[in-house]
Amino acid sequence: MAKVVLKMEDDISTDIIYPGRFMATVLPSETPQFTFADNLEFNRQLVEGKVLKGSAIVAGYNFGSGSSREQAASTLEGHGLIVVARSFARIFLQNSINLGLRTIACPEIEAEVGDELELTGDRVLNKTTGMSFEVEPLPAARQAIVDAGGLIPYARRLLVSEAK
Amino acid sequence: MGMTVVEKILARATGVESVKVGEVVEPEVDLAMSHENAALVINQFLQVYEGTDLDPHVWDPDRIAIILDHRVPAESAKTATNQKKIRAFVQDEGIGKFHDIRGDQGGICHQILPENGYVRPGAVVVGTDSHTTSHGALGSLAFGVGATEMAAVWALGRVLNVEVPGTIKVVVDGTFQEGVGPKDLILHLVGKLTAQGANFKVLEYHGEAIQSMSTSGRLVICNMAVEAGATSGIIPSDDETLRYLSDEAGVEEAIEWVLPDIDAEYDREIFIDVAELSPQIACPHRVDNVRPISEESGRKIDQIVIGSCTNGRLDDLETAARTLKGKRIASGVRMLVFPATWRIYREALRQGFLMDLVEAGATIMNPGCGCCLGIHQGALGDGEVALSTTNRNFKGRMGNPEAEVYLCSPAVAAASAITGEIVDPRAGGF
């Protein structure tokens, strides 16, 4: 069960998720301190560990638009957050898959902060409202990276097999 | 079935006769570009090799470009240390296309690549920067990737799991009015498409307004293709492509054109006549919140910015200098000018543009990206308003979520610097 801890509109940019002025911080182990840094209240809850791992952000269309900064994916992944959005921007989606951030494209999703979501793979069930929504499956090629545990192990496997 | 430019490029780079939209391919990479985020790429690259008995070395040091441009010169010890780490890696791996913080070689990556002849029609270019789309101006397929994706490219020489994108054909006819240009066209197009209207698609530009557009202008409309969510923008190669490569980029070898087939299949077609186009303004806090200048005229401005990978080229500086020569920037307004590269800086110095701008009251900054994304100089104060030729106006973009950024062309920015408020450059007197 994933509790919705933040609800966001369409076109949330990576500048909102991880403001540019923190971009000198690059390592996935260090980026979680600056998640949504301009949303002081939510950032404080995250940094103080008040948001349970496996909690969900629910967003509209085109989540993660804009800059290619990978910090936007690693900063969310570092808190164990799940993003359920109506759709995702291309580079952000790829970065999330590569880094193991769980992203769920759910074109009809309707949920409010506090709702409990059950994520079954092909559907999102909002237990609070009783409504159920279809999930857009990842293309097989992307799913293969998720299944491998991210792009680093996936690329490592290819590298080793091709070196033989 | 015919192919679009992108389908042809991906077919060649994958070694097959043809590809179809949605098919997954692993194209070989001709050029892999990074900037300061190479520090993260290096970290991820070394992790790919962890636990193997292989020595970590990049697949081809000649096909990697690294340009220091985001925070130059370093604003903090942390950045300076990242840049130091990058220099050491460049040295160890023998990466040739490295541009350091120097007046004889430096600048913003998206201008360094074209002006040094690193990009060719038909090439596959990836960059750890979303505005890598710029390089479609020279007929390449150029798209942004994250740092971990780039680490895999450095290791394997190809991009993994690329879905062949669909193509939107954008046909642009007519002749621009005086004071209207490529920046107004792309702002208008982003407004029309919306920020997600071209997600996972490529914009392929056609029409007489594109044919008569210089490479400088083409770089603008490909640069901001990503603001509509596009994977890339692309211009089928033509005489102007060849002229730019041989005359401005010093490319001597023969260039192969990559053109779409007549029966190529497009997702949709968009027609624009620029004869009717007025100067366009993207209003806070969205790039697709685009309005004709008549709706925004009179808005007071605190800071004018001319520069960046979008509009920091010689013709942009010339437009600004011609407008401001012998005039004064309005009192209380500060104007920052960032030439895109040091080569442009030097030429603007030679031609007297920088002198005209400084005498009018502008501050000339060194080439770099910092101001555009609020990470290095030029930050805005609470409640301040900037009018900028850069490419994004997201909340917080210029370093302050309590400020506002409006986007426009160099002609609008320069004219507005004189009045201190947004003004139509066609109004005369500029």
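In case you missed it, the structure is sitting above this.
If you're wondering where the values come from, they're calculated on a predicted model, not measured in any experiment.

(A) Representation of the overall build of chain B. In terms of regular secondary structure, chain B is built from 14 helices and 18 strands. Scaling as 2.2 N^0.38, a compact globule of 430 residues should have a C-alpha radius of gyration of about 22 Å, and chain B matches this with 21 Å. Overall, chain B is about 65 × 55 × 40 Å in size when its C-alpha atoms are taken along their principal axes. For chain B, the proportion of its 430 residues judged to be buried stands at 60%. Of all intrachain contacts in chain B linking residues separated by at least 6 positions in sequence, the fraction that spans at least 24 positions is 77%.

(B) Up close: the overall build of chain A. When helices and strands are counted, chain A shows six helices and seven strands. Along the chain direction, N to C, the helices and strands of chain A fall in the order β-α-α-β-α-β-α-β-β-β-β-α-α. Taken over the C-alpha trace, chain A has a radius of gyration of 16 Å; the compact-globule value for 164 residues is 15 Å, and the two agree within 12%. Seen along its three principal axes, the alpha-carbon backbone of chain A occupies a region of about 55 × 35 × 25 Å. Counting over 164 residues, chain A shows a buried share of 49%. Residue pairs in contact within chain A that sit at least 24 positions apart in sequence constitute 64% of those at least 6 positions apart.

(C) Seen up close, the interface of chain B and chain A. On the side of chain A, 39 residues touch chain B, which itself brings 47 residues to the contact. Secondary structure elements with two or more residues in the side of chain B that touches chain A: helix H2 (38-49), helix H3 (77-93) and helix H5 (147-156) of chain B.

(D) Broad picture of the sheet that holds strand S3 (residues 64-67) of chain B. All names here are of chain B. Taken together, the five strands give an open sheet; going across it, the order is S4-S3-S2-S5-S6, and neighbouring strands pair in parallel fashion. Each edge of the sheet is formed by a strand with only one pairing partner; in this case those strands are strand S4 (97-99) and strand S6 (141-144). If you compare each strand with its neighbour and ignore which way they point, the axes differ by 15° on average. Relative to S4, S3 runs parallel, the two being bridged by three bridges. When the sheet's bridge partners are listed, isoleucine 67 is paired in S4 with histidine 99.

(E) Layout of the pairing of strand S3 (residues 82-85) of chain A. Residue and element names in this part refer to chain A. The alternating pattern of S3 places Ile82 and Val84 and Val83 and Ala85 on opposite faces, both of which are buried. Sheet analysis places strand S2 (residues 56-59) next to S3, joined by four bridges and oriented parallel. What sits directly across from isoleucine 57, in S3, is valine 83. Chirality of the crossover, the property in question, places the unit of S2, helix H3 (residues 71-77) and S3 among those that are right-handed. Both S3 and strand S4 (residues 102-105) contribute to a ladder of four bridges, which runs parallel. Bridging across to S4, alanine 85 finds its partner in alanine 105.

(F) Focus on the packing of helix H6 (residues 182-193) of chain B against helix H8 (residues 215-223) of chain B. All names here are of chain B. With their axes 9 Å apart at the nearest point, H6 and H8 run at an angle of 20° to one another. Judged on the interaxial angle alone, H8 and H6 are roughly parallel. Remark: the crossing between H6 and H8 carries right-handed chirality. Contact with H6, carried on its side by Pro182, Lys183, Leu185 and Ile186, involves Gly217, Val220 and Ile221 of H8 and no other residues of that element. Here the contact of H6 with H8 is built from residues that sort into five nonpolar, one polar and one charged.

Calculation rules
- Residues numbered from 1 in each chain as written.
- Chains lettered and ligands numbered in written order.
- Predicted model: local features only at pLDDT ≥ 70, side-chain atom pairs only at ≥ 80, totals over all residues.
- Helix = DSSP H or I, 4+ residues; strand = E, 2+ residues; numbered from the N terminus.
- Rg over C-alpha atoms; globule rule 2.2 N^0.38 Å.
- Buried ≥ 20, exposed ≤ 12 C-beta atoms within 10 Å, placed from the backbone.
- Contact = placed C-beta atoms within 7 Å.
- Pairing = 2+ DSSP bridges.
- Axes fitted to C-alpha atoms, helices over the stretch in contact; angles between N-to-C directions.
- Right-handed = clockwise from strand over helix to strand, strands pointing away.
- Parallel < 35°, antiparallel > 145°, perpendicular 65-115°, else oblique.
- Left-handed = near helix turned anticlockwise from the far one by under 90°.
- Nonpolar A, V, L, I, M, F, W, Y, C, P; charged D, E, K, R; others polar.

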